[in-house]
Amino acid sequence: MSEERRELLQSLKADARSDDPTLHAQVAKRITDAQVLDTLDSEADYANAATFRLRVSQVLEALASNAAPSAHDAFVSLTTDEAFIADDDRTLALVRTSQHIRPPPPPLVDFWDRYCQPEDGFTPTTIKVLLANGTEPAIGLLEKKFADPAHEDGEKVAWMRMDILRHRNDVLVLQASQRLLEGELPEPLRPDLVEVLFDYKPEVWYRPAVSASPPELITASPLALDALHAVGLVALTMVRLTEEQRAAVKARLEQVEKLRGF
Amino acid sequence: MADKLKLKVTFKRVFVKKSSDWFGSGEFYFIASVDGKTVGDKSQIFDAREGAWIDLPAAKWSAEVDVTTKAQVVVRFNGKDQDTFFDEDLGSLAYAHKPAWKQGLYHGDTEYFRLEYTVELLVDGKYGQHAPDAVFACRATNGNGACTTVSGVPIVARIEVHPVRPVPAAVPPRGLPAGQPIAAVENKGGTVVNPTDPINIIPNPSVIPILTAPGGAAPAAGAPPVADKTTCARIEVTFYRPDTLKFTDTDSRLVWSVRSIAGGGAVSFLGAPNGLKVWVYGTAAGEVALEVRFRGELMATYRVLVMKVKQVPCRFNILNGPTANSKPRSKPADILNHLAITNRYMRQIALELVLDTNPSHKDGAVPTTTPGIFRISVAKGITRNANSGVADFKATRLNYRPGVMNFAYTHSDSGGALGAATDIPASKVAAAPGARPRISDSGTPSTSWIPPTGVAPDGAAGTVNMDLIAAIQRHGHPRLFAMFVCDSNGDPTTAAGMQNYANTISHEFGHILNLGHRVEGPNAAGTGLVAGGIFFDGLTIPLTENIMHWNGPATLCQDFDIIQARAVHQSPLVPP
């Protein structure tokens, strides 16, 4: 890395991590400047962005991870900056790092929505970010996406098995799942969602290069256990399950009851 | 059987200390024997002048002895001075030479003369005074060679032909003496593979290809190509000690031979079967052992299958999104390079991917000028940051032809994969319902030298079992066999990038041929390796050098072993 590039990156990251609202705004402004962007990441860096993330994403990460509202404002301003989002790799970096913005302001939720459209090249990442963000607006948007018929059922099943699975101890995810099972999720997908919340079948779900692991049930909070219990009851009463699926739900409910001391 | 051990004793000359006669010179003659047999000519009278040497003609005054089973060789020499009435005895010398036999110039004295004689040892068919560390005798003992040099110094020699390249850091016990380490020569590195390299660039494959013997008529259509140094399997010694042996690639001291193990397997050597490196081609399918002997003693064994190279038809689709940065960088010429390197990896298991010559196409595919390679314009999300976790993953089913391996070049995967197998047919290896197929291999040495290896002093090799991947096929496409490969493998035009692409393709194609991960991990705690992963083949050796290692680099993960070769030839994708 050239000295100029190193210094620029360090200065931008330092400003993004600072407490100074003025510096936050300046960082956002500077990284919309073509010359700054070109200094940070060369044409070759953009060509290799699928392998090595852009340096500008480190600046975004610093801004997003800064709890100061001014840092988040600066970050969110980038989501509508035409110059910045003109490049897909920068936009993808913006999506990835946005997971740290809590609570997400409405413009960020709009940004997520815009970059969660069928076959847009962003959606799989946006879905991960919504779950990682885990706030009510994020999970609300996730719920909308599961209900949106524009997204193919196969995609939704993949979101469940790769992403929901990793967050199946999260209270808001469980509550959203219950709502989806009770209404908005297309009926053929409901058993898949139940399976992901109550079972784990890697040999059926995954290919050699693509897999995910669920969190241990024992790490779930009491609230999450209660939410899971409620989802289980909905699943057993309202979802058309196979015997194997029913057995899995019952087995997990027994574990929940044991942990909750019912 | 060990070579015969021979030495030669030559009485060189005699120095006259005293002639014994009162006047003038003496008239000496000598009576000599070596190992009880008379040497020389006692009727030959030499003019003996005090202070002068008498040279003994070597042709008459030397003897060879086979010492293979001798406990000693006694050298006797008696001088006489011929006289008118009775011959005067000038004294006798007797020396017993015993193992370890030593070459050298020896001498002995009587009052009247000094004798000089030499002992020469037969090394590589020649008598003479050899370099002091030249090995004269060797006896195979528990995997090593208990040898002595011509100087009589005992050394422990060892020769290995490891089937895994690069050779893993952990090797079986060698049973070498403790103490001061003796320098060894190692040939263990990985291979930088370029598309224009000979197809046999990777040494020590698990399969020797059946080829047409050289020197005859050109092979008929469909017959294997002629065996030459670019097509034969290259088998190489990977380790030997001590380095003072200074073996060369064509060293006549190392003698290779073939022993058929199973199925009537047979191979021939191209050129002399000598040295650190040999070229071998198959003449009949089966399984053979190549044996390496030094001084006639068996020092190393290389077990290998013999098969015809099977061709698997394939087609490639470059999936271009609508924007500049949703197009994979690879062009048809790059794909040809990646395919060429892939085939150099696949050669180890007697497979070759060949471009599909059927021009039919669908799904908007546009043929390129290279038959078998197509371009398809797709939505951005099909090729860029695509979700390959989707069961009906579109990218890999576009423009496929049933039964033909389908490769999709995409921009990127949302999970960061370099590539992935998506459609895997069921192996022909039988399995109980719900169980993964399992394949076995028995033989010495074991596949990949999995302990016990059967390489002495390690214990006898056992049966190695390997779990295969069960079928993973999407609904409605029973004869779709497919994978994708992404831009994240790097610049497709550089040497390192090309090898990355080819390594990814070989690994994922291995999955399609039902191979699991050779070592799969890390575990959830991050403290070790997954021991029971869903795509784990059940084996943890080699630790990193197998192509099916879950995430190792192309510079290291280059090997396919015998049990994997057996497995892949059970795929329905591979012609019988």
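Residues numbered from 1 in each chain as written. Chains lettered and ligands numbered in written order. Predicted model: local features only at pLDDT ≥ 70, side-chain atom pairs only at ≥ 80, totals over all residues.

> Outline the overall build of chain B, listing residues and values.
A tally of helices and strands in chain B yields 5 helices and 31 strands. Here chain B has a C-alpha radius of gyration of 34 Å; the compact-globule value for 576 residues is 25 Å, and the former is much larger. For chain B, the proportion of contacts with a sequence separation of at least 24, taken over those separated by at least 6, is 67%. (Helix = DSSP H or I, 4+ residues; strand = E, 2+ residues; numbered from the N terminus. Rg over C-alpha atoms; globule rule 2.2 N^0.38 Å. Contact = placed C-beta atoms within 7 Å.)

> Could you give me a rundown of the overall build of chain A, with the residues and numbers involved?
In terms of regular secondary structure, chain A is built from 16 helices and 0 strands. Along the three orthogonal principal directions, the C-alpha set of chain A runs to about 65 × 35 × 30 Å. Within the span of chain A, comprising 262 residues, buried residues form 46% of the whole. Within chain A, contacts between residues at least 6 apart in sequence are counted, and of these 74% link residues at least 24 apart. (Buried ≥ 20, exposed ≤ 12 C-beta atoms within 10 Å, placed from the backbone.)

> For the interface of chain A and chain B, give the residues involved together with the corresponding values.
One frequently used descriptor of interface size is the decrease in accessible area upon assembly of the parts. Across the boundary between the two partners, chain A contributes 28 residues, which contact 36 residues of chain B. Broken down by secondary-structure element, the contributors of at least two residues to the side of chain A that touches chain B are helix H4 (43–47), helix H7 (88–97), helix H9 (123–133), helix H11 (153–164) and helix H14 (202–205) of chain A. Here the side of chain A that touches chain B gets 6 residues from one element, more than from any other, and that element is H11(A). Here the residues of the side of chain A that touches chain B are counted per class, giving 14 nonpolar, 6 polar and 8 charged. (Nonpolar A, V, L, I, M, F, W, Y, C, P; charged D, E, K, R; others polar.)

> Which residues make up the sheet that holds strand E22 (residues 297–307) of chain B, and what are the values?
All names here are of chain B. The 4 strands lie next to each other as E15-E22-E21-E18, forming an open sheet whose pairing is mixed. What marks the edges here is a single partner per strand, and that holds for strand E15 (207–209) and strand E18 (254–262). Averaged over all pairs of adjacent strands, the angle between their axes in this sheet comes to 40°, without regard to strand direction. Where E15 lies against E22, 3 bridges are found, and the strand directions are parallel. Within the sheet, the bridge partner assigned to Val-207 lies in E22 and is Leu-305. (Pairing = 2+ DSSP bridges. Axes fitted to C-alpha atoms, helices over the stretch in contact; angles between N-to-C directions.)

> An account of the domain arrangement of chain B is needed here, citing residue identities and associated values.
Partitioning chain B into domains gives domain 1 (6–130), domain 2 (136–190 + 211–307) and domain 3 (310–427 + 435–568). Inter-centroid distance (C-alpha atoms) of domain 1 of chain B to domain 3 of chain B is 74 Å. (Domains from an automatic or database assignment.)

> Lay out the environment of B:Ile563 with the relevant residues and their values.
Residues and elements named next belong to chain B. Considering the arrangement of structural elements, one finds Ile-563 in helix H5 (residues 562–568). Given 24 C-beta atoms within a 10 Å radius, Ile-563 is considered buried. Spatially, the C-alpha atom of Ile-563 lies 41 Å from that of Asp-133, the residues being 430 residues apart in sequence. Non-local contacts of Ile-563, meaning those with residues more than four positions away in its chain, are made with Ile-439, Asp-441, Thr-447, Val-464 and Met-466.

> Quick rundown of unusual backbone geometry? Include the residues and the values.
A:Arg102 connects to A:Pro103 through a cis peptide bond whose omega is -10°. Examined against the element boundaries, A:Pro103 turns out to sit in the loop between H7 and helix H8 (106–114). Residue B:Arg241 is joined to B:Pro242 through a cis peptide bond whose omega torsion reads -5°. Residue position: B:Pro242 is located in the loop between strand E17 (239–241) and E18. A positive phi angle, near 55°, is found at B:Ser448, a position not held by glycine. Tracing the backbone through its elements, the reader meets B:Ser448 in the loop between strand E29 (438–442) and strand E30 (463–467). Judged by the 25 C-beta atoms lying within 10 Å of it, B:Ser448 is buried.

> How would you explain the packing of helix H5 (residues 56–65) of chain A against H7(A) if you had to name every residue and give the values?
Residue and element names in this part refer to chain A. For the pair H5 and H7, interaxial distance at closest approach is 9 Å and the crossing angle is 30°. In terms of their interaxial angle, H5 and H7 are classed as roughly parallel. Helix-helix and strand crossings are classified by hand; for H5 and H7 the assignment is right-handed. From H5, Val-56, Ser-57, Leu-60, Glu-61 and Ala-64 reach across to H7, where they touch Arg-90, Ala-93, Leu-94, Arg-96 and Thr-97. Of the residues assigned to the contact of H5 with H7, the class counts are 5 nonpolar, 2 polar and 3 charged. (Parallel < 35°, antiparallel > 145°, perpendicular 65-115°, else oblique. Left-handed = near helix turned anticlockwise from the far one by under 90°.)

> Can you lay out the packing of helix H1 (residues 3–17) of chain A against helix H2 (residues 21–30) of chain A for me, pointing to particular residues and giving the numbers?
All names here are of chain A. Look at H1 against H2: their axes get within 8 Å of each other, and the N-to-C directions meet at 140°. Between H1 and H2, the angle falls in the class oblique. Here the hand of the crossing between H1 and H2 comes out left-handed. Contact residues: Leu-12, Asp-15 and Ala-16 in H1; Leu-23, His-24, Gln-26, Val-27 and Arg-30 in H2. Tallied by class, residues from the contact of H1 with H2 come to 4 nonpolar, 2 polar and 2 charged.

> I'd love a proper account of the sheet that holds strand E19 (residues 266–270) of chain B, names of residues and values included.
Residue and element names in this part refer to chain B. Strand order in this open sheet of 3 strands is E16-E20-E19, and the pairing throughout is antiparallel. Looking at which strands have only one partner, the edges of the open sheet turn out to be strand E16 (233–236) and E19. Neighbour-to-neighbour, the strand axes of the sheet open up by a mean angle of 40°, direction not taken into account.

> Describe the nonpolar core, listing the residues and the values that go with them.
If you look at the biggest cluster of nonpolar residues, it comprises 227 residues, and the most contacted ones within it are A:Leu63 and B:Val280. Tallying contributions element by element places E22(B) first for this core, with 7 residues. (Core = buried A, V, L, I, M, F, W, Y, C linked by C-beta atoms within 7 Å.)

> Tell me about the confidence of the model for chain B, and name the residues and values.
Per-chain confidence: chain B averages 94 in pLDDT, with 97% of residues scoring 70 or above. Confidence metrics for the complex model read pTM 0.92 and ipTM 0.94. (pLDDT = per-residue confidence, 0-100.)

> Provide a residue-level description of helix H1 (residues 332–346) of chain B, including the pertinent values.
Given 3.6 residues per turn, any residue in an α-helix points the same way as the ones three and four places further on. All names here are of chain B. Spanning 15 residues, H1 covers 20 Å between terminal C-alpha atoms, matching the ideal 21 Å at 1.5 Å per step. Taking burial as the measure, the 15 residues of H1 include 11 buried ones, the bulk of the element. Turning to H1, the residues buried within the fold contact strand E23 (310–320), strand E24 (351–355), strand E26 (373–377), strand E27 (405–410) and helix H4 (495–512). (Expected span 1.5 Å × (residues − 1).)

> Residues and numbers for H11(A), please.
Most of H11(A) sits inside the fold, with 10 of its 12 residues counted as buried. Buried-residue contacts for H11(A) involve H9, helix H10 (136–147), helix H12 (171–184), helix H13 (190–198) and H14 of chain A.

> Give a detailed account of the environment of A:Ala47, specifying residues and quantitative values.
For A:Ala47, the position within the fold is in helix H4. Distance from A:Ala47 to A:Gly232, taken between C-alpha atoms, is 47 Å for residues 185 residues apart in sequence.

> Before we move on, could you go through the environment of A:Asp45 and cite the residues and values that matter?
All names here are of chain A. Here Asp-45 is to be found in helix H4. For Asp-45, a count of 17 C-beta atoms within 10 Å translates into the label partly exposed. Placed 52 residues apart in sequence, Asp-45 and Thr-97 show a C-alpha to C-alpha distance of 19 Å.

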